[in-house]
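Descriptive analysis of the structure
For reference, the chains in residue letters:
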Amino acid sequence: MKKLYEAVSDMILPGIVFVAVTAILTGAAVFGKIGNSMKADGDDFSHMADTQAVEAVCGRQEPRIQCIGKKVWKAGESVSIYNVFSAADENGSSLKLMVSDIISENGDSVLNCYHESTGQAVFPKRGAYTFCLETMDSERKISKERMLILVDDR
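Residues numbered from 1 in each chain as written. Predicted model: local features only at pLDDT ≥ 70, side-chain atom pairs only at ≥ 80, totals over all residues. Heavy atoms only, no water.

Attention now goes to the overall build of the chain. When helices and strands are tallied, the chain shows 3 helices and 9 strands. Along its sequence from the N terminus, the chain presents helices and strands in the succession α-α-β-β-β-α-β-β-β-β-β-β. Taking 2.2 N^0.38 as the reference for a compact globule, 154 residues should give roughly 15 Å; the C-alpha atoms of the chain span a radius of gyration of 36 Å, well beyond that estimate. By its C-alpha atoms, the chain is 110 × 50 × 25 Å across when sized along the principal axes. Taken across its 154 residues, the chain has 25% of its residues classed as buried. Pairs at least 24 apart in sequence give 58% of the contacts found in the chain among residues at least 6 apart. Total accessible area computed for the chain in this model is approximately 11,200 Å², and 58% of it derives from carbon and sulfur atoms. (Helix = DSSP H or I, 4+ residues; strand = E, 2+ residues; numbered from the N terminus. Rg over C-alpha atoms; globule rule 2.2 N^0.38 Å. Buried < 20%, exposed > 50% of the residue type's maximum accessible area, 1.4 Å probe, protein only. Contact = heavy atoms within 4.5 Å. Areas by Shrake-Rupley, 256 points an atom, 1.4 Å probe, with all protein chains shown as cover.)

Attention now goes to a nonpolar patch on the surface. A cluster of nonpolar residues, Met1, Leu4, Val8, Met11, Ile12 and Ile16, forms a patch on the protein surface that exposes about 680 Å² of accessible area. Looking at where Met11 falls in the secondary structure, it is placed in helix H1 (residues 2-37). Residue classification places Met11 among the exposed positions, given a relative accessible area of 63%. (Patch = residues over 30% accessible without salt bridge, like charges linked within 9 Å, V, L, I, M, F, W, Y side chains within 5 Å. Salt bridge = Lys/Arg side-chain N within 4 Å of Asp/Glu carboxyl O.)

Our focus in this paragraph is the side chain of Thr135. Its location among the elements puts Thr135 in strand E8 (residues 127-136). Its relative accessible area of 1% is what places Thr135 among the buried residues. Non-local contacts of Thr135, meaning those with residues more than four positions away in its chain, are made with Pro63, Ile65, Ala87, Leu95, Lys96, Leu97, Met98, Lys141, Ile142 and Ser143.

This paragraph deals with the pattern of salt bridges. Any two side chains of opposite charge can pair, on the condition that their charged atoms come close. Applying the stated criterion to the full structure yields 5 salt bridges. Here the salt bridges do not stand alone but share partners, grouping Arg60, Asp89, Glu90 and Asp137 into one network.

What follows concerns the packing of aromatic side chains. What describes a pair of aromatic rings is the distance from one ring centre to the other and the angle between the planes of the rings. This model, assessed by the stated rule, comprises 3 aromatic pairs. Taking 4.1 Å as the distance between ring centres and 15° as the angle between the ring planes, the aromatic pair formed by Phe123 and Tyr129 counts as stacked. Pair check on accessibility: Phe123 and Tyr129 agree, each one buried. Seen from their ring centres, Phe123 and Phe131 are 6.0 Å apart, and the 85° between their planes marks the pair as edge-to-face. What makes Phe123 buried here is its relative accessible area of 1%. Given a relative accessible area of 0%, Phe131 falls into the buried group. (Phe/Tyr/Trp six-rings, centres within 6.5 Å; stacked < 30°, edge-to-face > 60°.)

Below, the discussion takes up the state of the cysteines. Summed over all chains, the structure comprises 0 disulfides. Considering cysteine sulfurs only, Cys132 is the nearest to Cys67, which forms no disulfide, with 15 Å between them. Classification of Cys67 as partly exposed rests on a relative accessible area of 26%. (Disulfide = S-S within 2.5 Å.)

Shown next as structure tokens:
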């Protein structure tokens, strides 16, 4: 019985390995041919109006915020953000500025010094103040900048 078992195992184990390797190679060749025959042409949406509109919007530059006025002011003097800072879109059109925060040199928010209705800030004491400014263009692209001005008594 032991000799019969050894003879059968010497034939069956290599046979199983041979069948498994053959099945894997045949399956890979067959699945590759099936996959190649199933390739379909995709739709090209690059010439559609919606795609071109999205590309135009995404290709626009962000609005620019820049300092156009003086950067040193006296304590108690009224600082008009529209005379100090400006915002423009890619075409050069003027945009509205929004002050999201004003930070003192200590890192404290002093937004209470800014009057949104008039667009002016009055700083009672000297120091360095950082304006956190935002603007948005007609395509709703947002730009954020931090600009520093100095308030000094000299």
